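A look at the structure
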Amino acid sequence: MKSGTGDIWSLRIPADELTDSEDLRTCAEITAPALLLLLATRHGGSLSLRREANDVVLESTIRLSEEHQACVGGTVASIVSAVFKDVCAGGLPPSLLRHPELVAKDGKRFVISIDRDGGGPVLARARRTLLPAVNVDGVRSRVSAQQTATVLFLHAETALRELVDSSIFEVLRAAVLGELSLPVDEVGGGVVSAPEGGEWEGYCPEVPYPEQPTVPPEEGEPEPEPQAEPEAEAEPEAEPEPEPEGETEPCVAHLLADTDRDGAIDSTDELGKGNWTWGPRGRGAIVYVNCDDDIPQRRPDQFDMAINGPADPADLAPLQVTGWPDMPAGWRAEIALSNMNFIRIFDRRAVGAAPLVGVGIPNAAAPLDISADRVLGVEGVNFASDPNTPPETDIILRVYDAVGDVRCSDRIRFRVAPWIAPWNGRPAEQVYMVDAPAKPGTPITAAAPVIAAVRAAIGAPLLTVIPPNYKRQPAGDPERFPQDWFQFGYTHAPYAARLPVVAESRGTVSNLVGGTPGFRRTYAQWFLLGRDFGWDLPARAPGGVSSGETFGNLEVSPPVTVARKEYPFGRIVHGNNISAGLKAHLNAQVVQAPIEINTSWLRVGHVDEVVVFIPVNNGFRMLIASTRAALGILNRLNAAGNGGATLCTNRIDGNRRRLQRTVAQMLGAPGFVPLQQGFQRSIDAIRAVLVRELGLLPNQIIEVPMLFLPVGRTAAAYTGNMVNLQVVVAGNNRHLLIPEPFGPLVGGVDQFKADLQGNLANLGVNETWLDTWYSYHVREGEIHCGTNVRRTPLTTREWWRMVP
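Figured I'd write up the structure that's included with this text. Since the model is a prediction, treat every value here as computed from it, not as a measurement.

Conventions and cut-offs
- Residues numbered from 1 in each chain as written.
- Predicted model: local features only at pLDDT ≥ 70, side-chain atom pairs only at ≥ 80, totals over all residues.
- Heavy atoms only, no water.
- Helix = DSSP H or I, 4+ residues; strand = E, 2+ residues; numbered from the N terminus.
- Buried < 20%, exposed > 50% of the residue type's maximum accessible area, 1.4 Å probe, protein only.
- Contact = heavy atoms within 4.5 Å.
- Areas by Shrake-Rupley, 256 points an atom, 1.4 Å probe, with all protein chains shown as cover.
- Salt bridge = Lys/Arg side-chain N within 4 Å of Asp/Glu carboxyl O.
- Axes fitted to C-alpha atoms, helices over the stretch in contact; angles between N-to-C directions.
- Polar contact = N/O pair within 3.5 Å; in protein donor to acceptor, adjacent residues only side chain to side chain.
- Core = buried A, V, L, I, M, F, W, Y, C linked by side-chain atoms within 4.5 Å.
- Pairing = 2+ DSSP bridges.
- Phe/Tyr/Trp six-rings, centres within 6.5 Å; stacked < 30°, edge-to-face > 60°.
- Lys NZ or Arg CZ within 6 Å of the ring centre and 35° of its normal.
- Arc of directions from axis to C-beta.

1. Here's the deal with the overall build of the protein
A tally of helices and strands in the protein yields 13 helices and 40 strands. Each of the 804 residues in the protein was classed as buried or not, and the buried ones make up 56%. In the protein, 72% of the contacts between residues at least 6 apart in sequence involve partners at least 24 apart. Element-wise, carbon and sulfur atoms account for 50% of the exposed surface of the protein, whose accessible area totals about 32500 Å².

2. Section: the pattern of salt bridges
Should the charged atoms of two oppositely charged side chains come close, the side chains can pair. What the rule picks out here adds up to 23 salt bridges. Here D401 ties to R407 by a salt bridge, and the two come within 3.3 Å at their closest N and O atoms. Ionic pairing is found between R797 and E566, a salt bridge with its closest N-O pair at 2.8 Å. One end of the pair, R797, is in the segment after strand 40 (788-791); the other, E566, is in strand 25 (residues 565-567), and 231 residues separate them in sequence. For R797, a relative accessible area of 29% corresponds to the partly exposed category.

3. Considerations on the packing of helix 10 (residues 627-639) against helix 12 (residues 672-694)
Contact pair helix 10 / helix 12: the axes reach a minimum separation of 8 Å and the direction vectors enclose 140°. Of helix 12, the residues touching helix 10 (which contributes T627, R628, L631 and L634) are F672, V673, Q676, Q677, F679, Q680, I683, D684 and R687.

4. Some words on the side chain of S626
Along the polypeptide, S626 turns up in strand 29 (residues 619-626). At 3.4 Å, the side chain of S626 forms a polar contact with the backbone nitrogen of R628. Side chain to side chain, S626 and E703 meet in a polar contact 2.9 Å long. Residues within four places of S626 in sequence aside, it is in contact with Q680, I683, E703, V704, P705 and M706.

5. Things to note about the nonpolar core
Of all hydrophobic cores here, the largest spans 127 residues; its most connected members are I335, I395, F414 and L690. Take this core: its biggest share by element is seven residues, from helix 12. Listed in part, the 34 residues of the second largest apolar core include M433, V502, W535 and I783.

6. Digging into the sheet that holds strand 19 (residues 463-466)
In space, the three strands of this open sheet follow the order 19-18-40, with mixed pairing throughout. Each having just a single partner strand, strand 19 and strand 40 make up the two edges of the open sheet. Within this sheet the neighbouring strands show an average axis-to-axis angle of 25°, counted without direction. Where strand 18 (residues 428-434) lies against strand 40, four bridges are found, and the strand directions are antiparallel. By the bridge assignment, Q430 is partnered in strand 40 with R790.

7. Focus: the sheet that holds strand 15 (residues 374-380)
Strand order in this open sheet of five strands is 8-10-15-12-13, and the pairing throughout is antiparallel. Among the strands making up the open sheet, the edge pair consists of strand 8 (254-256) and strand 13 (355-358). Strand-to-strand, the axes of this sheet are offset by a mean angle of 30°, without reference to chain direction. In this structure, strand 8 lies alongside strand 10 (residues 317-322), joined through three bridges in antiparallel fashion. Within strand 10, the residue paired with H254 across the bridge is T322.

8. Here we look at the packing of aromatic side chains
Counted under the stated rule, the structure contains 18 aromatic pairs. Between W601 and F708, the aromatic rings sit 5.6 Å apart at their centres with planes inclined by 65°, giving edge-to-face as the arrangement. Here W601 is found in the loop between strand 27 (595-597) and strand 28 (611-616), whereas its partner F708 is found in strand 33 (residues 708-711), with 107 residues between them in sequence. One exposure class covers both W601 and F708, and it is buried. Members of the aromatic cluster, each reached through a chain of ring pairs, are Y432, W485, F486, F488, Y523, F527 and F533. The ring of W276 has R261 sitting right over it, with the charged end atom 4.2 Å from the ring centre. We note R415 situated over the ring of W276; from NZ or CZ to the ring centre the distance is 5.3 Å.

9. Regarding the side chain of E782
One can find E782 in the loop between strand 39 (766-770) and strand 40. Of the polar contacts made by the side chain of E782, one reaches the side chain of T772; its length is 2.8 Å.

10. A word on helix 7 (residues 448-458)
Since the α-helix turns once every 3.6 residues, residues separated by three or four places project in the same direction. Restricting attention to buried positions, one finds in helix 7 the residues V450, I451, V454 and I458. Down the axis, helix 7 shows its buried residues gathered within 100° of arc, on one side only. Helix 7 presents P449 and A456 as exposed residues on the side facing more than 90 degrees away from its buried surface. Contacts from the buried residues of helix 7 go to strand 18, strand 19, strand 35 (726-730), strand 36 (733-739) and strand 39.

11. Quick notes on unusual backbone geometry
Residue P296 is bonded to the preceding I295 through a cis peptide linkage, with omega at 0°. Mapped onto the elements, P296 comes out in the loop between strand 9 (285-287) and strand 10. The backbone of V590 shows a phi angle near 70°, a positive value even though the residue is not glycine. Mapped onto the secondary structure, V590 falls in the loop between helix 9 (580-588) and strand 27. The class of V590 is partly exposed, set by a relative accessible area of 25%. With phi around 65°, R656 is a residue other than glycine that occupies positive phi space.

As structure tokens, this is what we get:
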């Protein structure tokens, strides 16, 4: 085993010998002494407790140098066996006495020989043996086994008091601290059985008890050979002697954060703090990106290196540092990061705090005063942007002695929370539309009539009308599609409420320069960013900005379960024409497992041209554009003698070309039917992907009749695109704002509209039909493009409890 690598040791207890009422937490209580497996190797160690088949397994990852593997293994076994013996005498189930084993990763078993009567090996060898400590950042130190047990027990004292009752705790404390007289094993401290019956290599060189100071060998000097131990006589305990002059004191400074994710920091957060795991039993600290604006200054707070006003400290995760007021003179401490890309640490969680290390700070480590307990502030700076690089950072506390050697260290792992986009079924908090005027010399009309209709449908308080001066189009043609500007979402950590975060589209602000005082004003940055409302510009990775970069090219599915895998926050659906940077950013958030579909055959190239998810009674439906459904209606009308029914009646396009045609004309036009069938093949390919990835059933899909026309090598909507609708959930009402399709008219009834109305009947939705032809359709959009909705985050699920 190489120095610094991890070897897995585990304590296995048959679960069938525990009472039915004991769950894993209870098992943690009765195996609390085995915390020494973790604590004796806290520099790089980890602990987990799980069920495996019929056993309960307490497992610790230990980092040992090769030459000390056996010695440390044996001594840890000694300590654990002794503690088990004495604690079990205090009342733990005797069934545990029959099955304690330490098992190495390579299959080698070290059996702790404790008999059913409570006798057996104890701490004798550990008391008379020097225990080589684990490597700490490449510096090897040597402390006694008893000293190690004492110091590490003090680290865990608060946690152990919570885990075991008072009588057991006092026995444990006395055993570890040497206040309990323990018998010496008659065979000379043989605390582990030799593998395959042979001699076990690895007993450490012995010194009289109490231990004398030991100087590590010089470079190249061989370690002393193990000494043979008397086989019959037990060595009497010596009287304690004064501490030798020059011996260092135990290191007690350490880090603590909300590792168990309950919103508070307490003793239960000690376990598992060095790792980060998902799931309902997962552990690991969390920080969200501090991207709101608490002063305000019209830029997110994480862009500078200051605590921005009295509201800002709450956006930083607390990190407790246990002080060491009696640290030896000349010693010093520092705080360091394993990764400089995601977080920043402040010396306090308060206004006026100074930044220590992290994003924007050149040094990876900084001095830290640990003369007293203190709370640091951990600031999230960047969301994940690379799916192959988890947004995790180890925060490391190191203590150096007077000559600059590392004497002890501690570490804790943080992960930056993801950005999550709610699906259409979540309640609407606000709807945004642009008061776009008409464009002179074109058929494009003002958006005002549509805005008035929306206000009447959903209620005025829900609607915000954006003035027409936030644009990216040439002068005289204000940008009227706020759906493309930004996407509402949120982020969340256990220490604070969910933070709304609006993601700005680089496709509409391509000349915006994030992080500089002169970046261009956008509506989201100027009017949405504020206290407790965040802003982010994703896709910082290389790749440029593509035509599909705007957020009309993003949909979110409802929560689904596929092949027993749960997606409680739904899944993002995006087109294949987004930039590499945005694609990487979306995938790096992990929890919404993005799905890519082919939208490159479309003129605009957006997901919202072909698919939308709507909430209905007892679930949801996916609406998908269908030329198959449209051709079916046209053929049925023609066969019934309604070939003279007109489509796009009295409609013109943006170039003032007349679009009205009869059913017979459409079906008889050369190449028209094969063209629509070709478009359908592209749609069916999208449908197949979504059925597979979302586990959709046939009755969850509604085909929406629509016809496309070729524009070069792409397709643009010919009839009004009913799929490009908007969902507004308000109270008990599920409003669907649907564009009029201008399909074939028979007796004054639009047959495309009637088909969708029939499929929506009895699903518990309220339909509002809007004429968006000249306000949006001729500009290659519909009502979904012309609106944007801020929705309430999911409050019943926490992202860290899922298993991606």
